[in-house]
Every structure is written in C-alpha cells, then in structure tokens.
Amino acid sequence: MSESDLADLPATRAPQPGFRQPRHALWTAGGLLLATLAIASGYLYLTLALPTPAVADPLGPQIFPMLVSGGLFLCGAMMGLELWRSRIAIRRTALPAAPSETSFDLRSALMVAGITGWTALYFFVFERVGFVVSTIVFLFGLMSVFNARHPVVNAACATGFAFGAWLLFVKVLSVRLPSGILPF
Amino acid sequence: MEAFGHLMHGFAVALQPVNLAYVFVGCLLGTVIGVLPGIGPAAAIALLLPITYGIEPTSALIMLAGIYYGAMYGGSTTSILINTPGESSSVMTALDGYQMARNGRAGAALAISAIASFIAGTVSVVLLSLLAVPLAGVALKFGPAEYFTLMLFAMTAIAALTGPSLSKGLLSMFLGLMFATIGIDLQSGQQRYTFDLPELQDGIGFIVVVVGLFAIAEVFCGLEDHLKGKSEIIRISGRLWLTRDEWRRSVMPIVRGTGIGFFKGVLPGAGATIATILSYSVERMVSREPQRFGTGMIEGVAGPEAANNASTGGAMVPLLTLGIPGSGSTAVLLAAFIMYGLQPGPLLFEKRPDLVWGLIASMYLGNVVLLVLNLPLVGVFVRLLYIPIGLLLPMVISISAIGIFAVNGNLFELYLALGFGVIGYGFRKLAIPVAPLVLSLVLGGMMEQAFRQAMTISGADVGVFVRSPICVVLLAASVIALSIPLVVPLFKRSALIAAARPAQ
C-alpha cells in the first residue's frame, strides 16, 4: 500500500492518476443499478401485497417497509446519476483506460462457486452424518485443493481440528453439535 | 464522585478471580483470532460468541469485551506483518507498519502498537467512566422520536462515511433495514416476507449475517488471493524492542492519537477509521519529514494505533449509555447484549450497575492484560501467521458453522450464512461497505418501533420529528453527515484548480 492510497480510502475503484476509468467499470455499475432497482421493485411489490390488519396498529406493518423501498429507489437514482456522470467523463477525457483490474474474473467466480457448492454440501450432511465425520471430509476436500502438495498434513489437520473442536465445544463448553452416524 | 464509587464497585466485580480469568481468556482468544488474516473484531466476536454460552451474563460480556480489545490489537499485528488489515480502522497502521516490518523493524512496530494501544485504551476508559453517568442521564430524556432521529443519525453517518460512494453506503444501509423487516411484525403480529418459512418468523439472526458477511466472505477473498499468489508473509527480523529515538518520536503521536480517537469514537459513524486517518494526517502535517511517511515512520504507527484503541473506549460511550452502536464491532456487541436479554441504555445503569460498571472496570484490566500478554508473546502470535492459508481458511468455515449451529441448532441458518457470505464477497468486489448493513440490521427493528410509536403518539403527525431540540440537532447532524461526501470532492476540485492556476 502506498502513500497515494490515502486519497481514496477506504477502498475506491477510482482510476490511477493518468488513467481514466475503464469501460467495464461502467458495465459493473450499470449491473448494480439494475439489481438495486429490481430489489427495490420486488420489495415494494411484496410490501403492497401485505395484508393490513383491521385492528391494533393505525399505521400498519407496511409504512416502514414503504419508506425503506423509497430509500432503495433513491439509491438507484443516485447510482444512475453517478453512472451518467462517469459516462460523460469517459467521453470527454483523452486519457487511456486504466489497466484492467477487474474484480470479477472467471477463475475467481468458478472458485467461489465451487467453495459455495462444497460448503452447501457440508451443511447438507452436517446433521445427517454428524459434525466430526462431515467436518473431516469437508476440510480434507478443501485443503486438498488449496494446500495440494501435502496430503498427509491435510488429513492430520482435518482430523485433528474436527476432533479438537468437538472435544472443546461438546465436552468442555457443552455446546450441542450433531453426532450423526457416530455413537458419541 | 458518583462515578468513582460506581467504578470501585465495578472493580470489585471485575477483580473476582473468575471474571479476571475471563478477561485474560477473552484478550488471549481475541488476539489469537484477530491475528488470523482478515478476521476483524466483529467477526472475532461473532465467531467466539458460542464459547460464552452458559456463562453468567456479566462474565460473558466481560469476556466479549476482552475479545473485542484483543481482536483490535490482533488486527494491527496482521496489518504490520502481512499488510492485511482486519478491518478498515487498521488500514492506516499498515501504511508505515508494514514498511517498518520490511525494513526489519517489525518487532518495534508491534511493540509501539501494543504500548500505544495500552495508553490510549486506558485513557479512553477513564474518560468513559467520567462521561457514562452524565450521558446516561441525558439519555433518559429521549422519547421514541428522539431515539428514531438518533438511530437515523447513527445509520446515515456510517453509511456516508464508510464507503467510497454515498449511494453505495446508503444502498448497504437500506438493504440492512430491508433484512431487518423480515419476520413477524411486533406491533401487528403480521408475518412479513417470510414466504411461509417458519425459520424466518423470528427474522434473520444477527450472528448469521455477521458470520456470513465477515468470516465466510473473508474466506472467499482469502482463498482467491491465495490462488492468485497475492498473500505474502514477512518474517520477523532485527531487534524486537524500541530504540531510544523511536521512543522519543512516539510520545506525542500517542497523546494526539488518544485525543482524536476518543472523541471520534464517541460519534456514530466510521469512528475508528476516521480517527486513524485523522491521526495519520495530523502526524504527517506536524512532521519535519512528511515525505518519509509511507516508508516506515514510527509516528505513522504510534498515532493511528493510539487513535484506533482510544476509539474503542469512545465507541462504548454511546453503546452503553444510549444503546446505539457506532460501528460494526459494537453492533455485534449490542447483539450479544440482546442475546443475554439485556438492553444497553440508561436504564441498564440503574437496573444492572454491577454489570455495566463491572464491564467498564474489566476494560481497565483488559488493557493491562493485553500489554502483559502481547509484549512478551509477540513472537508467538506471529507464528500463527505462518499457518498456510490453505489449511487455515477452511477451518474458519467450520468454526463459523459451529458458531451458527450452536445458537439454535438450525440448519437453515447455515445456508443463510453461506448466502450472506456470497453477498459479502460481492460487496467487497463492488466496493460496497458492509458496516452500514450490519448496523441497520441491528437497529432496524428498534428504529421501526420508535418510528411507529412516535407516529402513533402524535396521531400520524410527521412534525413530531422536528418538535424537540434534540430531534432537530440530530436531524441536522444527519444532513451534515450525508452532505460531507458530496461537499468534500467539490472542495478538493476547487483546491486543485487553485493549485493549477499559478502554474499556468
């Protein structure tokens, strides 16, 4: 991290000096704008569909969510304005586009999807198979990908962690964890 | 004098052997977890919450405060050694701390970080003790309208000041409020947005969201960096202690950082982050060698570290006296209070003085424990960083699963946390701040109740929110907070134009 990072803390996507914002940054911003408007519309639709009770509350359960959906639409409007200004700035500047620092790339997306899927599977069998067995398999699988060259260390760490955590939480701290197929 | 008497009573509680042990264990665990790359105080508290189950509330909260302090210090360690701040408030420490480590002065950077944290933390707890009673008295004058405007101010300030763009900060805030409305409406008993899922009737658990947004998202980011070969570890080298010159240069930055940190910490919003930025800017401004900042100047570590830890004491002022957290980490602490059936605020001072003052007294002890623990054990904690990322981060997912499952034994919450992990990863990639979502999720329910109570009392007259001076001041403060991100760039542009003119 350099001194120049001070200017755009905490973590902006502002282009480096001498460069303009790359065009894919606009597509990302446009996607976020559309997502915001979709969420706001969906939330407003669900809010309007809420039944209003005849008694108890003069304002009803809809009033606050309606204000929140109004706020979400306002965010969408502000993002639209920022996007419009960025487009104009890109059109007017003669600077070259900043080198691609795109946050999303296919490899990362596949990695996140893979971990999410593997973790979802872990959670699916968490109660059925039990904490110890599911955790050993889950950890060994993930460690085998991200610490690939050390299968023995991975197996030892996965097993040691699962049993260690089980002892600490179940036996020492009386936290309930599923035992599953194991008798203890 | 009243505060002194309460504090002495608090020490009697905190000095009980069992509570003393919890302070020690909390600080130790907080530091150990906080040292792990990317795990900040909020995630550390959320992950370690299950450990406090079954413990008496006073002891549990004392331990959680220790975890908070420990994790704050642990985060600084990762900033200095691997240039990975646990949360935004440790970013400034990384600027010169990491360079010091690269210059072979990692030991000195860690030592000054511990000493500055100790001094600033202790001073801020003294100020907290002095301010708590008068502020709690003021808080008793708050009605629903005042509470609504106070919460509005806390949320808008954090939304406006934590992210790169106002719209993204507000988006995060409104999404948090949206998630807060899921579940049974307390006033009418009406189910909202539950899609007939019984698991959603009680709303989305706070721990689920925090663990997902902070811990699981961090695992995704950490493994991504690991895959791309971005995670670099600096080995400690050189003398571990400070030289006489480094001591001399650190004294005033610690003093200035403490003052800045405490007063910024009291204000809701990005208290600690802004405090560290301010402290760093002040040190650079008063330095004779401002151009050397960013190359390993000890002033750039001492000042922000003091500001960071002083702000933790400052942030406890609104949390304890008003029940309003000023940051993501204190929001997690508020959730812990609520989990134990306690509502922080002025009434807690009256109903449970043993708990409040025991907690405050434990913070004094926590600062001492941290210093005693961290100075000799710097070398040991650093070894944690040598655990390969590929082994460490998968374990974080399992710890997260334990933390969530232990609360309700509910598998659905595990899936929800995973979903929030993906959302948190997306937020980081899109530079959307997470703190406003967390804060508004915690405060959302209370905010809606305050809003509806105020409106019901006034006969649906919106004017109720501008009738009391407290409301007017808080609304004005909200407007000012919202306008800061809009106005500051204009000033910057004018300054740039003015600077360019003489050159032409």
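The structure displayed is predicted, hence computed values, not measured ones. Residue indices follow the written sequence of each chain, beginning from 1 at its first position. As a convention, the first chain written is A and the first ligand written is 1, with the rest following in written order. Two thresholds apply to this predicted model, a pLDDT of at least 70 for residue-level local features and 80 or more for giving and counting side-chain atom pairs, whereas whole-chain, interface and lining totals are computed over all residues.

This brings us to the overall build of chain B. Check the secondary structure of chain B and you find 19 helices and two strands. Out of the 504 residues in chain B, the part that is buried amounts to 63%. The contact criterion used is a C-beta to C-beta distance within 7 Å, with each C-beta placed from the backbone. Considering only contacts within chain B whose residues lie at least 6 apart along the sequence, 80% involve residues at least 24 apart. Helix numbers and strand numbers start at the N terminus; a helix is a DSSP run of H or I with at least 4 residues, a strand a run of E with at least 2. Using C-beta atoms placed from the backbone, we call a residue buried if 20 or more other C-beta atoms fall within 10 Å of its own, exposed if 12 or fewer do, and partly exposed for counts in between.

Scanning chain A for helices and strands turns up five helices and zero strands. Listed N to C, the secondary structure of chain A is α-α-α-α-α in terms of helices and strands. For chain A, buried positions account for 26% of its 184 residues.

The next thing to look at is helix α12 (residues 299–322) of chain B. To estimate how far a helix should extend, the number of its residues minus one is multiplied by 1.5 Å. With 24 residues, α12 of chain B should reach 34 Å at 1.5 Å per residue; the first-to-last C-alpha distance of 34 Å fits that figure. Remark: G323 of chain B follows α12 of chain B within two positions and exhibits a positive phi of approximately 75°.

Here we take up the interface of chain B and chain A. Facing 64 residues of chain B, the contacting portion of chain A comprises 60 residues. Only α5 (91–102), α8 (166–180), α9 (206–227), α11 (271–286), α16 (389–408), α17 (411–429) and α18 (435–457) of chain B provide two or more residues apiece to the side of chain B that touches chain A. Of the residues forming the side of chain B that touches chain A, the biggest block, eleven residues, is contributed by α16 of chain B. By the convention adopted, Pro, Cys, Tyr, Trp, Phe, Met, Ile, Leu, Val and Ala count as nonpolar, Lys, Arg, Asp and Glu as charged, and the other residues, Gly among them, as polar. For the side of chain B that touches chain A, the class distribution of residues is 41 nonpolar, 17 polar and six charged.

What follows is about the environment of R85 of chain A. With respect to the helices, strands and loops of the structure, R85 of chain A is situated in helix α2 (residues 63–92). Remark: the alpha-carbon pair of R85 of chain A and F163 of chain A, spanning 78 residues in sequence, is separated by 56 Å.

Residues and elements named next belong to chain B. With their axes 7 Å apart at the nearest point, α9 and α17 run at an angle of 55° to one another. Our classification of the angle between α9 and α17 gives oblique. The interaxial crossing formed by α9 with α17 has right-handed handedness. Within the contact between the two elements, α9 uses V208, V209, V211, G212, L213, F214, I216, A217, F220 and C221 and α17 uses E413, L416, A417, L418, G419, F420, G421, I423, G424, Y425 and R428. Within the contact of α9 with α17, the residues separate by chemical class into 15 nonpolar, four polar and two charged. Between N-to-C directions, angles span 0 to 180 degrees; the directions come from axes that are lines fitted to C-alpha atoms, helices contributing only their stretch in contact. Each angle receives one of four descriptions, namely roughly parallel if under 35 degrees, roughly antiparallel if over 145, roughly perpendicular if within 65 to 115, and oblique otherwise. By convention the crossing between two helices is left-handed if the near helix lies anticlockwise of the far one by an angle smaller than a right angle, and right-handed if it lies clockwise.

Before going further, it helps to examine the nonpolar core. Linking buried Ala, Val, Leu, Ile, Met, Phe, Trp, Tyr and Cys residues through C-beta atoms within 7 Å yields a set, and such a set is a nonpolar core. Counting residues in each nonpolar core, the largest one holds 220 residues, and the members touching the most others are I45, A46, M151, V210, V211 and V438 of chain B. For this core, the element with the highest residue contribution is helix α6 (residues 106–139) of chain B, accounting for 19 residues. An automatic or database domain assignment provides the domain bounds reported here. For this core, the domains that each give at least three residues are domain 1 (7–92) and domain 2 (106–172) of chain A. With near-sequence residues (within four places) excluded, I45 of chain B lies in contact with L64, I67, Y68, S329, V332, L333 and A336 of chain B.

This part covers the environment of A481 of chain B. All names here are of chain B. Structurally, A481 can be placed in helix α19 (residues 469–503). Overall, the presence of 22 C-beta atoms within 10 Å leaves A481 in the buried class. Through-space distance from the C-alpha of A481 to that of V438 is 19 Å; in sequence the pair is 43 residues apart.

Bringing the environment of C75 of chain A into the picture now. Within the secondary structure, C75 of chain A sits in helix α2. Owing to 26 C-beta atoms within 10 Å, C75 of chain A belongs among the buried residues under this scheme. Placed 22 residues apart in sequence, C75 of chain A and P53 of chain A show a C-alpha to C-alpha distance of 30 Å. Look past the residues within four positions of C75 of chain A in its chain and what remains in contact with it is T36 of chain A together with S167, L170, L171 and F174 of chain B.

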